[in-house]
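For reference, the chains in residue letters:
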Amino acid sequence: MEKASASEPVTMATLARQVGVHISTVSRALQEPRQETSNRTTLKIRSLADELKFQPDATASRLRKGRSRLIGVTVPNLTDPVHATTYEGIDREALSRGYSTMVIMSANLEDLSPARANSLIRSRVEGIIIQDTFEGDQLPASLRERGIPYVLCLRKGDHDLSVAVDDLLGGRLAAEHLAARGHTDVAVISPDSSVSTGRDRVEGFLEGMRAHGVQVDAARIVPAGFDLASGQRAAEAILGWAKLPTAIFACNDLTAAGLMFRFREAGVEVGRDLALIGYNDIEIARHLPVPLTSVASPLQELGSQGVDTLIDLIEGKTTGPVSLMPHLIPRASTLSWAG
């Protein structure tokens, strides 16, 4: 019997060649239920498959049946805890529904939109969950033209089915918390305005402050990104102001952490000298030097709902947008401030 080399992948063709039968015979032997059989060829094939640790090609099997049961997922990156946690919810729910996931990372670069679509479509995905859409993104339009089901998850678009957190409400919750504690001189760290999460959180916060009679000065709105370095740069800008605000709303926990670290270096203690609110309530929020008040987003549920909504589309069912509710978790970064 011919032996496969150590580096040769073990396929049904490998088994057929070593046993000396047609590949269709191997296929039948492996696909039939493993009940007792006296067929010596079948027993030989199964024994060899076990010996060589043969693993069937699940993707090829699904394609032969006419379904890939594969869901594509696009994300900016998986180093950001928000996108990673949302993807965990997506993958867990997909597996429970009999689907697998394939991830494409874009780094938020617009010129990668065609590549994202083409790579996923070539892989025969049945639908796509888009976590990284932004203003001007051509991916949703491309998918509509090709008739491929898709759902926006985490971020929203004006004309697309989405599963997202009510970030307008989240911004208002932050404003109500600060206003209730007597803050009238507040600053906002405004993240990338090309994505809906940043725009809605800032808009909701400004609306909430106005509802409490506080007009936030445009000079107190600092543009930044969604990461630690952006928070540190924003803190540097704020430290250059003639007067520090009494409170800051950072639209992302990592940005808030960057602010806290830089302020700490400059001798400004968050919680005592000024109040600070983040957003999403990722794991790090409660473990910072001063535990961070944050607007919590149900990120894993978001991913799970995204899968359920997409599968409804794939199966031709009527479905609609899903909006999940955030809630504020107060901690020392705002509760320790005494004014």
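Because the structure is a prediction, the values reported are computed rather than measured.

S.K.: Would you mind going over the environment of Gln-305 in detail, with residue names and values included?
M.R.: Within the secondary structure layout, Gln-305 lies in helix H12 (residues 299-314). Residue Gln-305 is classed as partly exposed on the basis of its relative accessible area, which comes to 25%. For Gln-305 and Val-322, which are 17 residues apart along the polypeptide, the C-alpha to C-alpha distance reads 7.7 Å.

S.K.: Any chance you could break down the packing of helix H8 (residues 167-180) against helix H9 (residues 196-211) for me, citing the residues and the numbers?
M.R.: When two helices pack together, their arrangement is given by the angle between the helix axes and by the axis-to-axis distance. Taken N-terminus to C-terminus, the directions of H8 and H9 make an angle of 40°; their axes are 6 Å apart at the nearest point. Taken together, the axis directions place H8 and H9 in an arrangement best described as oblique. Both H8 and H9 take part in a crossing whose hand is right-handed. Contact residues: Asp-167, Leu-168, Gly-171, Arg-172, Ala-174, Ala-175 and Leu-178 in H8; Thr-197, Asp-200, Arg-201, Glu-203, Gly-204, Phe-205, Glu-207, Gly-208 and Met-209 in H9. Grouping the constituent residues of the contact of H8 with H9 by class yields six nonpolar, four polar and six charged.

S.K.: I'd like a description of the sheet that holds strand S11 (residues 322-324), backed by residues and values.
M.R.: The strand order across the open sheet built from six strands is S2-S1-S3-S4-S5-S11, with neighbouring strands paired in parallel fashion. Every interior strand has two partners, whereas the edge strands, strand S2 (100-105) and S11, have only one. Put simply, the sheet's adjacent strands are angled 15° from each other on average, direction ignored. Pairing geometry for strand S3 (residues 127-130) and strand S4 (residues 150-153), over three bridges, is parallel. Note on S4: the bridge partner recorded for Ile-128 is Tyr-150. Across the sheet, helix H5 (residues 81-96) is in contact with strand S1 (70-75), S2, S3 and S4; its angle to S2 comes to roughly 155°.

S.K.: Can you explain the sheet that holds strand S6 (residues 186-190)? Please cite residues and give values.
M.R.: Strand order in this open sheet of six strands is S7-S6-S8-S9-S10-S12, and the pairing throughout is mixed. Strands with a single pairing partner mark the edges of an open sheet, and in this sheet they are strand S7 (221-223) and strand S12 (327-329). Neighbouring strand axes in the sheet, compared pairwise and without regard to direction, differ in orientation by 20° on average. The sheet contact formed by S6 and S7 spans three bridges and is parallel. If you follow Val-188 over to S7, its bridge partner there is Ile-221.

Reading the values: rules and limits
- Residues numbered from 1 in each chain as written.
- Predicted model: local features only at pLDDT ≥ 70, side-chain atom pairs only at ≥ 80, totals over all residues.
- Heavy atoms only, no water.
- Helix = DSSP H or I, 4+ residues; strand = E, 2+ residues; numbered from the N terminus.
- Buried < 20%, exposed > 50% of the residue type's maximum accessible area, 1.4 Å probe, protein only.
- Axes fitted to C-alpha atoms, helices over the stretch in contact; angles between N-to-C directions.
- Parallel < 35°, antiparallel > 145°, perpendicular 65-115°, else oblique.
- Left-handed = near helix turned anticlockwise from the far one by under 90°.
- Contact = heavy atoms within 4.5 Å.
- Nonpolar A, V, L, I, M, F, W, Y, C, P; charged D, E, K, R; others polar.
- Pairing = 2+ DSSP bridges.

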